[in-house]
Amino acid sequence: MSTDSTQAAQRILDLRTELDGHNQRYYVLDQPSIPDAEYDRLFRELQALEAAHPDLISVDSPTQRVGGAPRAGFTEVRHEVPMLSLGNAFAEADMLDFDRRVREGLADDLPPGDLFGGGAEVEYVCEPKLDGLAVSLLYVEGQLVRGATRGDGSTGEDISANVRTVRNIPLKLQGSGWPAVLEVRGEVFMAKAGFDALNQRQLESGAKPFANPRNAAAGSLRQLDSKITASRPLAFCCYGIGQVEGELPDTQLGILQTLQTWGVPISLELYLARGIDACQAYYQRIGAKREALPYEIDGVVFKVNNLAWQRELGFRAREPRWAIAHKFPAMEELTELLDVEFQVGRTGAVTPVARLKPVKVAGVMVANATLHNMDEVARLGLMIGDTVIIRRAGDVIPQVVQVVLERRPLDARAVEIPASCPVCGSHVERTQLVKRSKGKESFSAGSIYRCVGRLACQAQLKQAIIHFVSRRAMDIDGLGEKSVEQLVDLGLVQSPADLYRLQFDQLVGLEGFAELSSNNLLAAIDNSRKPELARFIYALGIPDVGEETAKVLARSLASLERIKRALPEVLTYLPDVGLEVAHEIHEFFSDAHNQNVIEQLGQVLDIQGQGELGAEFAACTTLAGLLDKLHIPSLGPTGAKTLASKFGESLPKLLEADWLDLRQTLSEKPANAVREFFSVAEQRERALKIEAQLREFGMHWESEKRVVAGLPLAGQTWVLTGTLELMSREHAKAKLEALGAKVAGSVSAKTHCVVAGPGAGSKLAKASELGLRVLDEAGFVEQLQALGVTP
Ligand code: D41
């Protein structure tokens, strides 16, 4: 043998071993260890080597077989008609080759081409290639009798119980005229939204999240317990048929459309293209829509429409000659983790960031990926030097989804959180994330690391200033991230209040600051001196306080003083403020450093919109509700109610009660708990303090039966949709909120009114469906005027 073929033989053996290993992990263990794109490359390398050295082909080469063995636990199913696999095209040229082979294969059937060499064109059915799991559904007399995986194409697994849980798979065909035996084939997949929600749930329950929707679909479908399958957001889309006893149309499209009339889901993107150019155009169109589609696709599939021609073309090595998949650039690639660096965010959170050997993922160069937190690093089992799978889906930041353990180098290093802040050198503190749920504080597994340097840390200061000046916060135009960095680095700005002390002479001459831009910036800063309270609160950058929460705080408490003093329990009386956010707010204002920054800002700003308390607190509440918020062990909501009514809705009376009084209303355990709770002086005082603050903020016990006049639209939810022509949507929203209404993004039965401008679509349709009140913009303006508000 020549050295060339000796080398080829060795490489072929290596490739086969490697591919067999991947097949085993992919099909049998549901744990793929490399991205599809990498697998495809290895597979094609092997195919090419075998094509060049046909004598080296062996029957057990992965190229001669597709798929894997059924997993122990499911019954085997033999496919009457084999489930073929699909050939792949990666470039336009591959598609032209495919079309040429089709036309050559059909030469006798096609009409002659024209005089200019243009051949007759073939009709192709086009559809997206879903990234899921191929399955077979057998219907006998219209009844679903069996579901099976594709397996290796000849033998799959019986997953009947599981497919029955997939919501859009008909258990019985609709209508009539279906063949006595009909095998429907298609893809079971998981939509992007369902996948995200599932992974969220997996994380919350401490389970491992799935790397991508395909793994999630496969893992869900191959559950031995079909109850688990039922809880997963799976869907089915038919792409063809297998065994048939009866009549069906004689085109691919005709069959799919007929199946649809029987209730079988087919692709919404189906398209009939005449000629290969129309196919290429379809590929481009779907490619442009790819990220916006609600499910993941990895290419587009083209099939000769005429069934007689499909039969004539036949197949070769398990791939039909009449169909091909034109792949899109892969969303996942392999690369190397060069290092892990630590970034410090606005709230001081120290987060690991992956520095990668640059790699192109779906057309975009990726050199960094977020690692979220140290728990994520631990979950991935990540070490520096590892080969990792990078995934870029939609417009989200690239993510590290998996470590390829087999490729871990001997000198791989552990990822360690620095003991001190990489920016300011302050101590890095570990905070165990506390999940405060009803009744108890539970420690979740999560923890974050925080630099304790606050605004003395340049990184936090920069982020805080960038947030402070942003459009939705103080809206100071002309101060981009680069300029903020400069001002901080030069020591000109050491706290947000320093912005208001900047002088022309300090600015002019800095990078990006000529005379005009310096003056413009100073004017913009000056213009921001009278912020609305909500804007100011939002600009402070309190963890977990977004614009909405800032508005709620401003509207209901209506003064910075009250917001600063509000007790966490009192804050939870506000709409949409949970205990966790309430604690964040309280802790923020209790911090001496923050108090200092706010104090300084108070000297340079004139905060607007402070005054009377809003309607939120004017609402009545009950003593039982307050007891509930104290989280007294063993005291449930019912116990709290009986207790409150027994003591005439009066906290002082309840505090005077002795054990016997308590025992008259409660059973022994809660009675003891209540006595014990209030025997601690601090807790007694705290309860009284909360009550006093609630009263100060305008709350009344329901028992006091005082009629409270709220804002005219208090308690109502409004939705704005379509284009408003007389005013901006923000303006309309502000007006509604000032009247006490909540403005929501989606229509539900709880919506009070929908304001619909031109171009309103599904929200308007839903409103009419629900019989809701709908106003056009003119009607809305009238309504505002009727309520005494200038539009
Ligand atoms: O959407 C898909 N993943 C898809 C897969 C599709 N739209 N069409 C397909 N057509 C076939 C043939 C042409 C063989 C009937 C397929 C597959 N096969 C397929 N899926 C998995 C292996 C083969």
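The rules we used
- Residues numbered from 1 in each chain as written.
- Predicted model: local features only at pLDDT ≥ 70, side-chain atom pairs only at ≥ 80, totals over all residues.
- Heavy atoms only, no water.
- Helix = DSSP H or I, 4+ residues; strand = E, 2+ residues; numbered from the N terminus.
- Buried < 20%, exposed > 50% of the residue type's maximum accessible area, 1.4 Å probe, protein only.
- Contact = heavy atoms within 4.5 Å.
- Disulfide = S-S within 2.5 Å.
- Phe/Tyr/Trp six-rings, centres within 6.5 Å; stacked < 30°, edge-to-face > 60°.
- Lys NZ or Arg CZ within 6 Å of the ring centre and 35° of its normal.
- Core = buried A, V, L, I, M, F, W, Y, C linked by side-chain atoms within 4.5 Å.
- Pairing = 2+ DSSP bridges.
- Near = heavy atom within 4 Å.
- Polar contact = N/O pair within 3.5 Å; in protein donor to acceptor, adjacent residues only side chain to side chain.
- Areas by Shrake-Rupley, 256 points an atom, 1.4 Å probe, with all protein chains shown as cover.
- Nonpolar A, V, L, I, M, F, W, Y, C, P; charged D, E, K, R; others polar.
- Salt bridge = Lys/Arg side-chain N within 4 Å of Asp/Glu carboxyl O.
- pLDDT = per-residue confidence, 0-100.
- Axes fitted to C-alpha atoms, helices over the stretch in contact; angles between N-to-C directions.
- Parallel < 35°, antiparallel > 145°, perpendicular 65-115°, else oblique.
- Left-handed = near helix turned anticlockwise from the far one by under 90°.

Undergrad: What is the right way to read the overall build of the chain from this model?
TA: Within the chain one finds 30 helices and 28 strands. Along the longest, intermediate and shortest principal axes, the C-alpha atoms of the chain span 95 × 70 × 60 Å. The proportion of buried residues among the 791 residues of the chain is 48%. Here the analysis covers contacts within the chain between residues at least 6 apart in sequence; of these, 68% occur between residues at least 24 apart.

Undergrad: What is the right way to look at the state of the cysteines in this model?
TA: By definition, a disulfide links the sulfur atoms of two cysteines through a covalent bond. Throughout the structure, instances matching the rule amount to zero disulfides. Not part of a disulfide, Cys-238 finds its nearest cysteine sulfur in Cys-237, a span of 7.0 Å. Cys-421 carries a free sulfur, and the closest cysteine sulfur to it, the one in Cys-451, is 3.7 Å from it.

Undergrad: I would appreciate a short explanation of the environment of Glu-584 in the present structure.
TA: Mapped onto the elements of the fold, Glu-584 is located in helix α20 (residues 579-590). Expressed as a C-alpha distance, the spacing of Glu-584 and Tyr-271, which sit 313 residues apart in the sequence, is 53 Å. Contact partners of Glu-584, with chain neighbours within four places excluded, come to Arg-450, Ile-542, Pro-543 and Asp-544.

Undergrad: Help me understand the packing of aromatic side chains, please; the structure alone is not making it clear to me.
TA: When we look at a pair of aromatic rings, we describe it by the centre distance and by the angle of the planes. Counted according to the given criterion, the structure contains nine aromatic pairs. Both rings, one in Tyr-39 and one in Phe-43, keep their centres 6.0 Å apart while their planes meet at 20°; by these two values the pair is stacked. Here Tyr-39 pairs with Phe-43, and both are found in helix α2 (residues 36-52), just four residues apart, close to one helical turn. Here Tyr-39 and Phe-43 have matching classes, each one buried. Ring centres 5.2 Å apart and planes at 90° place the aromatic pair Phe-677 and Phe-678 in the edge-to-face group. Assessed through its relative accessible area of 12%, Phe-677 is described here as buried. When its relative accessible area of 8% is taken as the criterion, Phe-678 is described as buried. Three or more aromatic residues joined by ring pairs make a cluster, and in this case those are Tyr-271, Tyr-282 and Phe-302. The residue whose ring lies beneath Arg-285 is Tyr-271, and the NZ or CZ to ring-centre distance is 4.8 Å.

Undergrad: How do you make sense of the nonpolar core when you look at a structure like this?
TA: As a rule of thumb, nonpolar side chains are buried together in soluble globular proteins. One finds Leu-499, Tyr-500, Ile-537, Leu-601 and Phe-678 to be the most contacted residues of the largest nonpolar core, which totals 87 residues. Once residues lying within four places of it in the same chain are set aside, the contact partners of Phe-678 are Leu-627, Leu-630, Ile-632, Leu-654, Leu-655, Arg-684 and Ala-687. Leu-137, Cys-238, Leu-248 and Ile-255 belong to the second-largest nonpolar core, a separate cluster that totals 36 residues.

Undergrad: What exactly am I supposed to notice about the sheet that holds strand β10 (residues 297-304) here?
TA: The strands that make up a sheet pair up through hydrogen bonds in the backbone, lying either parallel or antiparallel. One open sheet accounts for five strands, arranged β2-β13-β10-β3-β9; its pairing is mixed. One side of each edge strand has no neighbouring strand; the edge strands of this open sheet are β2 (88-89) and β9 (271-274). Of the strand pairs in this sheet, strand β3 (residues 123-130) and β10 are connected by seven bridges, and their pairing is antiparallel. Within β10, the position partnered with Leu-130 by the bridge is Ile-297.

Undergrad: Please explain the site of the ligand as it appears in this structure.
TA: Around the ligand, the structure places 16 residues, and the nearest of them are Glu-127, Leu-130, Glu-187, Tyr-239 and Lys-303. Within the side chain of Glu-187, one N or O atom sits 3.2 Å away from a nitrogen atom of the ligand. Separating a nitrogen atom of the ligand from a side-chain N or O atom of Lys-303 is a distance of 2.9 Å. Across the complex, the protein chains shield 88% of the 490 Å² of accessible surface that the ligand would expose by itself. Going through the elements one at a time, β3 and β10 are the ones with two or more residues in the shell around the ligand. Per-class residue counts for the shell around the ligand are ten nonpolar, one polar and five charged.

Undergrad: Where do I start with the pattern of salt bridges in this structure?
TA: Pairs may arise between side chains of opposite charge once their charged atoms sit close together. Scanning the model with the defined rule gives 35 salt bridges in all. Two residues, Asp-591 and Arg-454, come together in a salt bridge whose shortest N-O distance is 3.4 Å. On the criterion of sequence distance, the pair formed by Asp-591 in the loop between α20 and α21 (592-604) and Arg-454 in the loop between β22 (440-451) and α12 (458-469) is long-range, its members being 137 residues apart. The class for Asp-591 is buried, based on a relative accessible area of 16%. By relative accessible area, which is 37% here, Arg-454 ends up partly exposed. One salt bridge connects Arg-686 with Glu-569, and the closest N-O pair in it is separated by 2.8 Å.

Undergrad: What is the right way to read the environment of Arg-100 from this model?
TA: Structurally, Arg-100 is set in helix α3 (residues 92-105). Using a relative accessible area of 37% as the deciding quantity, one classes Arg-100 as partly exposed. Put simply, Arg-100 and Asp-158 are 58 residues apart on the chain and 39 Å apart in space, counted from C-alpha to C-alpha.

Undergrad: What am I meant to see in the confidence of the model for the chain here?
TA: Parts of the model with low pLDDT should not have their predicted coordinates read in detail. In this model, the chain carries an average pLDDT of 88, and 93% of its residues clear a pLDDT of 70 or more. Per-residue pLDDT stays below 50 along residues 66-70; that stretch engages in 16 contacts with residues further than four places along the chain or on separate chains. Confidence over residues 705-709 falls short of pLDDT 50; this stretch has four contacts with residues more than four positions distant or in other chains.

Undergrad: What am I meant to see in helix α17 (residues 547-557) here?
TA: It helps to recall that an α-helix has 3.6 residues per turn; residues three or four apart then point in one direction. Every buried residue belonging to α17 is among Thr-549, Ala-550, Val-552, Leu-553, Ala-554, Ser-556 and Leu-557, and all of these are buried. Looking at the buried residues of α17, the elements they touch are α16 (533-539), α18 (560-565), α19 (568-571) and α20.

Undergrad: What exactly am I supposed to notice about the sheet that holds strand β28 (residues 773-775) here?
TA: With respect to topology, four strands assemble into an open sheet ordered β26-β25-β27-β28, the strand pairing being parallel. Either end of the sheet is taken by a strand with one partner, and the two such strands are β26 (742-744) and β28. Adjacent strand axes in the sheet meet at a mean angle of 30° when their direction is disregarded. Here strand β25 (residues 717-721) runs beside β26; their pairing, made up of three bridges, is parallel. The partner of Val-719 across the bridge, within β26, is Ala-744. Strands β25, β27 (753-756) and β28 of the sheet are contacted by helix α30 (residues 777-786), whose axis makes an angle of about 100° with β28.

Undergrad: Honestly, the packing of α12 against helix α13 (residues 481-489) in this entry has me stumped. Any pointers?
TA: When two helices pack together, their arrangement is given by the angle between their axes and by how far apart the axes lie. In the contact formed by α12 and α13, the axes pass within 10 Å of each other and the chain directions differ by 135°. One finds that α12 runs oblique with respect to α13. Crossing angle aside, the handedness with which α12 passes α13 is right-handed. Contacts between α12 and α13 involve Gln-458, Leu-461, Lys-462, Ile-465 and Ile-466 from the former and Glu-481, Val-484, Glu-485, Val-488 and Asp-489 from the latter.

Undergrad: Can you walk me through the pairing of strand β14 (residues 332-344) in this structure?
TA: Working note: regular strand, side chains alternate between the two faces of the sheet. Sheet topology note: the β14/strand β18 (residues 387-391) ladder contains five bridges and is antiparallel. Residue pairing in the sheet places Glu-333 in a bridge with Ile-390 of β18. Here seven bridges tie β14 to strand β15 (residues 350-361), and the two strands are oriented antiparallel to one another. Bridge pairing links Phe-342 to Pro-352 in β15. Between β14 and β15, which follow one another and run antiparallel, lie five residues, and Gly-348 among them has a positive phi close to 90°.

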